[in-house]
Amino acid sequence: MKKFMLFIGGLVALLILLANLGPMVLLALSVWLLYICFKKFISTDSTAAKVGWVILGLIVVSITFSNIYAVLGVAAAYALYLIYKNWDTPEASVVHEIKEEDDPFTNFEKQWAELNK
């Protein structure tokens, strides 16, 4: 059952990733262009050039915000990664019970009873 649920989750994540692949590329491109605009803005000394880089940066920011839903594609890629990592983990069939010796509250009760004697 675990493998089936992982398969269904992986299939859904793959479909979301494929649907958002174009916006993800545009988001990465716009973030890269925004980085270039910032570097050029910092390196220039002219006021007119700084104004030009700010205007270009605002245009690129608008492109970035129009592709912000591509973050769903990034989340789907991360989900696919987690499904891939958890594919071969064994299922836990036996519930581990807490041993009385390892329970800190039981040990506290025993020590408290010894102190009160």
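Let me begin by describing the structure that accompanies this report. On a predicted model such as this, the values are computed, not experimentally measured, just so you know.

What counts, and at which threshold
The numbering scheme is per chain: residues are counted from 1 as the chain's sequence reads. For this predicted model, a pLDDT threshold of at least 70 governs which residues receive local features, and a threshold of 80 or more governs which side-chain atom pairs are given and counted, while totals over whole chains, interfaces and linings are taken from all residues. Where side-chain values are given, they derive from all heavy atoms of the structure, hydrogens and water being excluded. Helix and strand assignments follow DSSP, with helices taken as H or I runs no shorter than four residues and strands as E runs no shorter than two, numbered in order from the N terminus. Note on contacts: a residue pair qualifies if any of its non-hydrogen atoms lie within 4.5 Å across the two residues. Values of accessible area rely on a 1.4 Å probe in the Shrake-Rupley scheme; residue burial ignores everything except the protein chains shown. Lines are fitted to the C-alpha atoms to define the axes, a helix being fitted only along its stretch in contact, and any angle between axes, read from their N-to-C directions, falls within 0 to 180 degrees. In these notes the angle categories are as follows: under 35 degrees is roughly parallel, over 145 is roughly antiparallel, 65 to 115 is roughly perpendicular, and the rest is oblique. Should the near helix be turned anticlockwise from the far one by less than a right angle, the crossing is left-handed, and should it be turned clockwise, the crossing is right-handed. When residue character is reported, Ala, Val, Leu, Ile, Met, Phe, Trp, Tyr, Cys and Pro are called nonpolar, Asp, Glu, Lys and Arg charged, and the others, Gly included, polar. Between the rings of Phe, Tyr and Trp (Trp by its six-membered ring), a pair exists once the centres lie within 6.5 Å; its type follows the angle of the planes, with under 30 degrees stacked, over 60 edge-to-face, and the other angles tilted. Definition used: whenever NZ (Lys) or CZ (Arg) falls within 6 Å of the ring centre and also within 35 degrees of the ring normal, the charge is taken to sit over that ring. The span one expects for a helix is its residue count, reduced by one, times 1.5 Å. Under the scheme applied here, a residue whose accessible area is under 20% of the maximum for its type counts as buried, over 50% as exposed, and between as partly exposed, the area being computed with a 1.4 Å probe on protein chains only. Taken from the helix axis, the directions to the C-beta atoms give the arc we talk about.

## Some details on the overall build of the protein
No. 1: From N to C terminus, the protein includes 5 helices and 0 strands.
No. 2: Secondary structure elements of the protein occur, N-terminal to C-terminal, as α-α-α-α-α.
No. 3: Of the contacts formed within the protein by residues at least 6 apart in sequence, a portion of 72% connects residues at least 24 apart.
No. 4: Surface exposure of the protein reaches about 9,500 Å², of which carbon and sulfur atoms provide 72%.

## With respect to the packing of helix 1 (residues 2-19) against helix 4 (residues 71-85)
No. 1: Two elements in contact, helix 1 and helix 4, have axes whose closest approach is 8 Å; the angle formed by their N-to-C orientations is 150 degrees. In this view, helix 1 runs roughly antiparallel relative to helix 4, as classed from their interaxial angle. When the axes of helix 1 and helix 4 are compared, the crossing they make is left-handed. Across the interface between the two elements, Leu6, Gly9, Gly10, Ala13, Leu14, Ile16 and Leu17 of helix 1 pack against Leu72, Gly73, Ala76, Ala77, Ala79, Leu80 and Ile83 of helix 4.
No. 2: Here the residues of the contact of helix 1 with helix 4 are counted per class, giving 11 nonpolar, 3 polar and no charged.

## Notes on the packing of aromatic side chains
Aromatic rings considered in pairs are described by the distance between their centres and by the relative angle of their planes.
No. 1: Summed over all chains, the structure comprises 1 aromatic pair.
No. 2: When the ring centre of Phe41 is taken as origin, the NZ or CZ atom of Lys50, which lies over that ring, is 4.6 Å away.

## Description of helix 4
No. 1: Under the 1.5 Å per step criterion, the end-to-end length of helix 4 is 21 Å for 15 residues, consistent within 8% with the ideal 21 Å.
No. 2: Within the sequence span of helix 4, burial applies to Gly73, Ala76 and Ile83. What you see down the axis of helix 4 is that its buried residues fit within an arc of 75 degrees, all on one side. Exposed side chains of helix 4 directed beyond 90 degrees from the buried face belong to Tyr78 and Lys85.
No. 3: Residues of helix 4 that are buried in the fold lie against helix 1 and helix 2 (21-43).

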